[in-house]
Amino acid sequence: MPRIHAWKGGLMSTNQIFALLNSHIEGDEEQFLSIALQYAAQQARQGHAEDAAKLKRLVQKARDRAAGAPPPQTPIPLARPRSELQGLVESGYPKTKLDSMVLAEPVRERLSRVVRQQVERARLREHGQIPATHLLLVGPPGTGKTMTASALAGELRMPLFTVRLDSLFSRFFGETAGKLRLLFDQIAQTRGVYLLDEFDAIGARRGDPHDVGEIRRVLNSVLAFMEEPNATDSLVIAATNHVEILDKALARRFDEVIEYGPPDADAARSLLSRRLGKFKLTAKAWAHVAPLAEGLSQGELVRAADMVVKDAILEGAKSASADRLVQALEDRQAFRQRFHR
């Protein structure tokens, strides 16, 4: 029996075979065909044009046959982390969409482009291209990075796997690289959106005088993992509040680096209006509110608006109190000044 080598000798890699079997087990025919096209492109690059053409014809035949079939009525089967990752990785199926987020237009355009590439990944692979699969989200806390991962999972109807790398270090110091190996194996076998939160926990610059050998080894492992083929086209999202300490070699591994910041005046008003819902403010009240929203993150604005809405509900009021919203925003501004000097 010929030995399986990763991307050598024209044979399928172990990760490709795992992904192929997993897509068959889960009934995800599109992923199954996408992997077949990936292999066809590999064959074409190695000079096996006839075999590549045969594979492409078979894939097209399968798609033509399925074109008249009714769309599946059930969602993707519930996916869970590998047993060795239970307790470190949370999974779920978010219903959040990008339309529900208040985003700067350039950020929205870039995320929409990623979604389109993922949705039409088979078409890209037919032309020897691959969709964007690695995103780095940077910015202050509360600016929408974590919610973006949920929204992308919701748009793509894929499971969201969330791992907090700081807890991985604290619980398994000395075994972190091995746990990450298991995580990247799952990425290669189970299609989904993977959020690596607090990414600076492993992405600190090599040679930093305050780091330790374990962190350097983990960083080197992550650099190697991110170079591996992603047969499932899973979306890997790293989020950090401290981009300034990330290793430059790691940052270069990402297809997109997207920066988040506080909303501008129009976005802040849109977000507050959405959170206030039926408890609307008058145009005159907004004139007092707008200056106090400046510089606050999406998360801070949401908390201020929610507090006012709760008061209105409990008091049976038909509109939000402008004075209370002003006070809530002033409290948030005071907190920021106290802790961000």
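Described in the following lines is the structure provided in the data block. Computed from a predicted model, the values in this text were never measured in an experiment.

## Side note on the pattern of salt bridges
- Under the criterion given, the structure shown has 10 salt bridges.
- Residue glutamate 256 is joined to arginine 113 by a salt bridge in which the shortest nitrogen-to-oxygen separation is 2.9 Å. In this pair, glutamate 256 is assigned in strand E6 (residues 256-259) and arginine 113 in helix H4 (residues 105-119), connecting sequence segments 143 residues apart.
- Here aspartate 233 and arginine 125 are joined by a salt bridge, their closest N and O atoms 2.5 Å apart.

## Brief notes about unusual backbone geometry
- A positive phi is found at arginine 157, a non-glycine position, where the angle reads about 55°.
- As for its position among the elements, arginine 157 is in the loop between helix H6 (145-156) and strand E3 (160-164).
- Residues other than glycine seldom take positive phi values, yet aspartate 233 does so here, at roughly 60°.
- Here aspartate 233 is to be found in the loop between helix H10 (213-225) and strand E5 (235-240).
- Residue class for aspartate 233 comes out buried when judged on its relative accessible area of 0%.

## Some thoughts on the side chain of arginine 121
- The residue arginine 121 is located in helix H5 (residues 121-126) in this model.
- Not counting the four nearest positions on each side in its chain, arginine 121 is found in contact with Glu30, Gln31, Ser34, Pro131, Arg191, Thr232 and Asp233.

## Here we look at H4
- Between its terminal C-alpha atoms H4 stretches 21 Å, which fits the 21 Å expected from 15 residues at 1.5 Å a residue.
- Turning to H4, its buried residues number three or more, namely Val107, Arg108, Leu111, Val114, Val115 and Gln118. One face of H4 carries all of its buried residues, which in axial projection span an arc of 125°. Exposed side of H4, more than 90 degrees from the buried face: Pro106 and Arg116 are the residues found there.

## A word on the sheet that holds E5
- With mixed pairing, the six strands of this open sheet are ordered in space as E1-E3-E4-E5-E2-E6. Edge positions in the sheet fall to strand E1 (89-92) and E6, since each has one partner strand and no second. Averaged over all adjacent pairs, the angle separating strand axes in this sheet is 20°, with direction ignored.
- In this structure, strand E2 (residues 134-138) lies alongside E6, joined through four bridges in parallel fashion. Opposite leucine 137, over in E6, you have isoleucine 258 as the bridge partner.
- Its contacts with the sheet put helix H8 (residues 176-189) on E1, E3, strand E4 (193-197) and E5, and the angle it makes with E4 is roughly 155°.

## Observations concerning the packing of helix H12 (residues 265-276) against helix H13 (residues 283-293)
- At a minimum axis separation of 10 Å, H12 and H13 run at an interaxial angle of 115°. In this structure, H12 crosses over H13, and the sense of that crossing is right-handed. Seen from H12, the contacting residues are Ala268, Arg269, Leu272, Ser273 and Leu276; seen from H13, they are Trp286, Val289 and Ala293.

## Thoughts on H13
- Listing the buried residues of H13 in full gives Ala285, Trp286, Val289, Leu292 and Ala293. One side of H13 holds all its buried residues, which, seen down the axis, span an arc of 120°. Exposed residues on H13 whose side chains face more than 90 degrees from its buried face are Ala283, Lys284, Ala287, His288 and Pro291.
- Following H13 by one or two positions, glycine 295 adopts a phi angle in the positive range, close to 85°.

Criteria and cut-off values
- Residues numbered from 1 in each chain as written.
- Predicted model: local features only at pLDDT ≥ 70, side-chain atom pairs only at ≥ 80, totals over all residues.
- Heavy atoms only, no water.
- Salt bridge = Lys/Arg side-chain N within 4 Å of Asp/Glu carboxyl O.
- Helix = DSSP H or I, 4+ residues; strand = E, 2+ residues; numbered from the N terminus.
- Buried < 20%, exposed > 50% of the residue type's maximum accessible area, 1.4 Å probe, protein only.
- Contact = heavy atoms within 4.5 Å.
- Expected span 1.5 Å × (residues − 1).
- Arc of directions from axis to C-beta.
- Pairing = 2+ DSSP bridges.
- Axes fitted to C-alpha atoms, helices over the stretch in contact; angles between N-to-C directions.
- Left-handed = near helix turned anticlockwise from the far one by under 90°.

Such coordinate-based values are descriptive only and should not be taken to indicate function.
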